[in-house]
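Listed here are the chains, written in short residue letters.
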Amino acid sequence: MKIRSLIVPIDFTDTAKNTVDYAVKLAEILKSKIIFVSSYMTNSAPNAGATMSTMMHPAPKNVVSLEKLHKEKLDDFLKSILPLSVNYKAITRIGTQAEVVCTIAEEEKAELILVGSESTTGMEAFFVGSESEKITRKAPCSVLALPKDSMHFKMDTIGLALDTENDENNGNLSVLKEIVVSTKAKLRLVHISVKEEIAFKTEDVLNQYKKN
């Protein structure tokens, strides 16, 4: 499968900057177009962050003006960090980040979402949970979660965790295959079992996954 479109959520944090840098390098290898997505709520100001503590700023009365302000903020953010050669599109839309990202991924028929993973703690974690986790659960396509403060790009080894009681592949591995082939990474299949009797035999797993 050719990865034509790569969705990258933007929340204007340091984590987002790191994710953009990673996305640019990955898109160059995959020859993909990047679609940067920014979401906002009607009760948030353009300079507000994405957490619960920053969602109660007064908003302009004109929703169209609010959308324009957020679009300008996204454009300025991207222009300040993107190389001129990058093929991308920027979309701003009202709604929660998970809802907007997943909707646009479906509309654009994107093959992959690259999301920065930043830990959420305290009351916000209890009531809201992390946005990256929500996107991963709701996404209509594959999701690559980038650890916070990750500075390493080159993919030397990719691990595929098996958590089923059989070695059959019920998922779509076409995106994984494209990334492995394009990055020339090694693929490692990992299965952890608490019951020795259901542990996979190496030859059975390899035979099953060589079919894909």
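Keep in mind that this is a model prediction, so the values were computed, not measured.

Description of unusual backbone geometry
Piece 1. Within the chain, K31 stands out as a residue other than glycine whose phi angle is a positive 60°.
Piece 2. Within the secondary structure, K31 is located in the loop between α1 (14-30) and β2 (33-40).
Piece 3. Judged by its relative accessible area of 64%, K31 is exposed.
Piece 4. Even without being a glycine, K109 presents a positive backbone phi close to 55°.

Observations concerning the packing of aromatic side chains
Piece 1. Applying the stated criterion across every chain yields a total of two aromatic pairs.
Piece 2. Judged by centre distance (5.3 Å) and plane angle (85°), the rings of F12 and F77 are edge-to-face. With F12 in the loop between β1 (5-9) and α1 and F77 in helix α2 (residues 63-81), this pair connects stretches of sequence that are 65 residues apart.
Piece 3. Owing to a relative accessible area of 9%, F77 belongs among the buried residues under this scheme.
Piece 4. A ring pair is formed by F36 and Y88, whose centres lie 5.7 Å apart and whose planes are at 65°; its orientation type is edge-to-face. Residue F36 is located in strand β2, and its partner Y88 is located in strand β3 (residues 88-94); the two are separated by 52 residues in the primary sequence.

Definitions and cut-offs
- Residues numbered from 1 in each chain as written.
- Predicted model: local features only at pLDDT ≥ 70, side-chain atom pairs only at ≥ 80, totals over all residues.
- Heavy atoms only, no water.
- Helix = DSSP H or I, 4+ residues; strand = E, 2+ residues; numbered from the N terminus.
- Buried < 20%, exposed > 50% of the residue type's maximum accessible area, 1.4 Å probe, protein only.
- Phe/Tyr/Trp six-rings, centres within 6.5 Å; stacked < 30°, edge-to-face > 60°.

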